[in-house]
Amino acid sequence: FGQDATLAGFDWGSYLEKSGLLAAPVSCFRHAPLCAQWDDIYVGLKVEVLNTHTALPSKVYWIATVVQLAGYKALLRHEGFEDDDSHDLWCNLGTADVHPIGWCAVNSKLLVPPQEVHQHIKDWKSYLMERLVGAHTLPVDFHVKMADSLRCPFRQGVRVEVVDRSQVSRTRLAVVDTVVGGRLRLLYEDGGLGPSGEVLSDFWCHMQSPLLHPVGWSERVGHSIKETDTSVNMSSHPAFRKVLHNSVPHQFRKLRTVYMGDTFFEEGMKLEAIDPLNLGNICVASVRKVLLDGYIMVGIDGVEIGDGSDWFCYHASSHAILPVGYCENNDIPLTLPPGYDHATFTWTKYLEEETGTVAVPRRLFNTGDVGHGFTSGMKLEAVDLMEPRLVCVATVRRCVGRLLLLHFDGWEPEFDQWVDCQSPEIYPVGWCEITGYQLQPPIGPEPPQGQERSHTSKKAKPF
Ligand code: MLZ
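This one's a predicted model, so the numbers in the text were calculated from it and none came from an experiment.

When helices and strands are counted, the protein chain shows 12 helices and 24 strands. Its C-alpha atoms put the protein chain at 85 × 55 × 50 Å along the principal axes. A total of about 21900 Å² of accessible surface is found on the protein chain, and carbon and sulfur atoms cover 52% of it. Here the protein chain holds 41 positive side-chain charges and 57 negative ones, and the gap between their average locations is 4 Å.

This is the structure we're talking about:
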């Protein structure tokens with residue numbers, strides 16, 4: 001990890017205030033804790049929150065109003081300050097000692113006003129009564145729901161099949177090592193350990209990632225899988241000392257079923273696809289192989305090595321495959337095969353004259369609008385899918401249909417990535433704080449010490 005945001009405590013509140021930008025609301029993130037409950041969380045709610053501005057020995061609370069929301073973070077104003085915003089404070093609704101109105105009474109806690117306002121108001125009791133009439137508060141089960149939604153069906157020692165980061169066309173057996181906020185650290189079964197027991201090859205993804213599959217998936221759909229090198233001994237690592245359990249399909253997200261009947265993707269058909277190794281690029285691509293259960297292997301035209309090792313598996317319902325002409329229609333620069341020129345390239349000519357192929361029928365793609373609620377400029381916490389251990393401060397740069405172009409704050413635009421609006425690898429502001437995941441803050445104009453910014457290495461390094 002480069003900069004340590006948990007030690008330094010990245011301050012989303014003042015960062016947003018400085019930028020003047022909004023955070024994407026929690027309700028935009030279907031997989032995020034409390035997404036379904038977020039309609040009940042809004043500006044104007046009143047809560048009971050720990051009062052840290054007293055010299056009293058026991059924990060006391062005071063009433064505050066939500067004056068602004070940014071993801072899971074709320075800007076609170078203590079009752080009594082009225083229009084004075086100088087004491088407002090950002091707190092995380094998922095972690096802070098905040099409760100619905102009435103919680104203190106039920107739990108025999110004291111409500112004590114902050115010292116600064118103590119003198120101004122004579123009769124607190126009637127002041128509060130007046131302020132609280134008709135006020136709305138947090139749902140009573142807020143924290144229970146939060147805890148429920150953080151539960152995860154994966155544990156250390158569960159075996160899965162996951163993309164092999166050293167060769168993206170195949171999967172590889174891996175074992176869950178750690179789970180943080182539904183994100184899994186996976187260790188390849190034959191990844192090897194270094195001289196002092198350190199893991200040589202790991203992979204991070206969310207439990208709902210399309211790159212993750214139950215044991216037996218590859219064989220079932222006809223995807224290639226790396227044979228485990230049994231000479232590699234991992235048994236000294238804690239994750240392998242457990243009794244290993246094979247994962248089973250019900251632990252995984254269910255994909256939309258696709259009908260593979262009369263017309264489906266066929267080998268050789270052309271399309272546009274997000275380059276799995278350069279997620280900011282949408283390229284001219286071909287269907288290379290049709291697997292079972294609606295999965296296809298895609299290759300990027302003109303740059304394929306030729307042995308199929310750089311093909312990538314996408315499900316027919318994936319956001320990452322797009323019909324011919326999608327980029328042009330949506331004003332996205334299409335990445336052409338080497339030797340082609342934007343001034344002269346047309347899909348019609350490319351299909352007929354150059355390759356003698358046909359385009360994948362448009363209706364086979366899942367490009368319909370989903371009404372996701374993201375707009376450009378919104379801030380969020382997003383996985384850098386090229387280094388999927390890193391969750392970074394990011395901004396939505398563009399929204400095109402169900403696709404979002406994400407920019408990583410402080411990084412060059414060449415690090416930008418196209419993701420699906422329902423990607424499980426994007427999170428609301430404050431998610432890292434809730435789950436205990438480390439957040440990568442934006443890098444300043446100068447790269448922080450010990451973190452090189454080698455843009456040239458980006459292409460060569462898969463994931
Ligand atoms: N070592 C890598 C880190 C990139 C991380 C970017 N995250 C948005 C590099 O400098 O290329």
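A few words on the pattern of salt bridges. Inspection of the entire model under this criterion finds 22 salt bridges. Through salt bridges with shared partners, a single ionic network connects Asp164, Arg170, Arg172, Asp190 and Lys226.

Within the chain, aspartate 293 stands out as a residue other than glycine whose phi angle is a positive 60°. In this structure aspartate 293 comes out as partly exposed when scored by relative accessible area, which is 41%. Here the phi dihedral of aspartate 331 falls at roughly 60°; this positive angle occurs in a residue that is not glycine.

What follows covers the nonpolar core. Among the nonpolar cores identified, the biggest contains 117 residues, and Phe154, Leu186, Leu212, Phe265, Ile321, Phe374 and Ile426 are the most heavily contacted of them. Those residues within four positions of phenylalanine 154 in sequence are excluded, and the remaining contacts are Val160, Val176, Val179, Leu184, Met207, Leu212, Ser247, Gln251 and Phe252. Core analysis: the next-biggest nonpolar cluster, separate from the first, contains eight residues, Trp62, Ile63, Val117 and Leu128 among them.

This part is about a nonpolar patch on the surface. Taken together, the side chains of Met260, Val290 and Leu292 define a hydrophobic patch exposed on the protein surface, amounting to about 220 Å² of accessible area. Looking at the secondary structure, you find valine 290 in strand β14 (residues 278–290). Given a relative accessible area of 32%, valine 290 falls into the partly exposed group.

Mean pLDDT over the protein chain works out to 91, with 94% of the residues at or above the 70 mark. In this model, residues 1–7 is a region of pLDDT below 50 whose contacts with residues beyond four sequence positions or in other chains number 19 contacts. Residue range residues 446–463 is modelled with pLDDT below 50. Its contacts to residues more than four positions away, or to other chains, number 36 contacts. With pTM at 0.92, the complex prediction returns an ipTM value of 0.94.

Following the sequence through the fold, glycine 181 ends up in the loop between β8 (167–180) and β9 (183–188). Classification of glycine 181 as partly exposed rests on a relative accessible area of 24%. Between the C-alpha atom of glycine 181 and that of valine 215, which follows or precedes it by 34 residues, the distance is 22 Å.

A separate point is the environment of glycine 157. Looking at where glycine 157 falls in the secondary structure, it is placed in the loop between α6 (142–149) and β7 (158–164). For glycine 157, a relative accessible area of 0% gives the class buried. In this structure the C-alpha to C-alpha distance between glycine 157 and arginine 397, which are 240 residues apart in sequence, comes to 39 Å.

Another aspect to go through is helix α5 (residues 124–132). Note that an α-helix has 3.6 residues per turn; residues three or four places apart therefore point the same way. Every buried residue of α5 is accounted for by Trp124, Tyr127 and Leu128. Buried residues of α5, seen end-on, are gathered within an arc of 95° and therefore sit on one face of the element. Along α5, exposed side chains directed more than 90 degrees from the buried face belong to Lys125, Met129 and Glu130. Two or three places before lysine 125, at the start of α5, stands the capping residue aspartate 123, its side-chain oxygen 3.3 Å from that residue's backbone nitrogen.

This next bit is on a negative patch on the surface. On the surface, Asp11, Glu17, Glu82, Asp83, Asp84 and Asp85 cluster together into a negatively charged patch. Structurally, aspartate 11 can be placed in the loop between α1 (5–8) and α2 (12–19).

Turning to the packing of aromatic side chains, a few remarks are in order. Tallied over the full model, the rule gives 23 aromatic pairs. Consider the rings of phenylalanine 345 and tryptophan 347, whose centres lie 5.7 Å apart with planes at 75°: the pair is edge-to-face. Residue tryptophan 347 is classed as buried on the basis of its relative accessible area of 9%. A connected cluster of aromatic rings, assembled from ring pairs, spans Trp204, Tyr427, Trp431 and Tyr437. In this arrangement the basic side chain of arginine 172 is found over the ring face of tyrosine 188, its NZ or CZ atom lying 4.4 Å from the centre.

Let us look at the side chain of serine 309. With respect to the helices and strands, serine 309 occurs in the loop between β15 (295–300) and β16 (312–315). A polar atom in the side chain of serine 309 sits 2.7 Å from the side chain of aspartate 307. Residues contacting serine 309, with those up to four places away along its chain left out, are Gln167, Val168 and Ser169.

The element strand β3 (residues 73–78) is extensively covered by neighbouring structure, given that six of its six residues are classed as buried. Side-chain alternation along β3 places Lys73, Leu75 and Arg77 on one buried face and Ala74, Leu76 and His78 on a second face that is also buried. Here strand β2 (residues 60–70) pairs with β3 via six bridges, running antiparallel. Across the sheet, residue alanine 64 finds its bridge partner in β3, namely histidine 78. In sequence, β2 turns back onto β3 through a hairpin of two residues, with glycine 71 there showing a positive phi of about 60°. In the sheet, β3 pairs with strand β4 (residues 89–92) via four bridges, with the strands oriented antiparallel. Along β4, the bridge assignment pairs alanine 74 with cysteine 91.

This part is about the environment of arginine 183. Along the chain, arginine 183 falls in strand β9. Under the relative-accessibility criterion, arginine 183 is labelled buried at 0%. One polar contact links arginine 183 to tyrosine 427, side chain to side chain, over a distance of 3.4 Å. Of the polar contacts made by the side chain of arginine 183, one reaches the side chain of tyrosine 437; its length is 2.8 Å.

Here is what the cut-offs are and how they apply
- Residues numbered from 1 in each chain as written.
- Predicted model: local features only at pLDDT ≥ 70, side-chain atom pairs only at ≥ 80, totals over all residues.
- Heavy atoms only, no water.
- Helix = DSSP H or I, 4+ residues; strand = E, 2+ residues; numbered from the N terminus.
- Areas by Shrake-Rupley, 256 points an atom, 1.4 Å probe, with all protein chains shown as cover.
- Lys, Arg positive; Asp, Glu negative; His and termini not counted.
- Charge placed at Lys NZ, Arg CZ, Asp CG, Glu CD.
- Salt bridge = Lys/Arg side-chain N within 4 Å of Asp/Glu carboxyl O.
- Buried < 20%, exposed > 50% of the residue type's maximum accessible area, 1.4 Å probe, protein only.
- Core = buried A, V, L, I, M, F, W, Y, C linked by side-chain atoms within 4.5 Å.
- Contact = heavy atoms within 4.5 Å.
- Patch = residues over 30% accessible without salt bridge, like charges linked within 9 Å, V, L, I, M, F, W, Y side chains within 5 Å.
- pLDDT = per-residue confidence, 0-100.
- Arc of directions from axis to C-beta.
- Polar contact = N/O pair within 3.5 Å; in protein donor to acceptor, adjacent residues only side chain to side chain.
- Phe/Tyr/Trp six-rings, centres within 6.5 Å; stacked < 30°, edge-to-face > 60°.
- Lys NZ or Arg CZ within 6 Å of the ring centre and 35° of its normal.
- Pairing = 2+ DSSP bridges.

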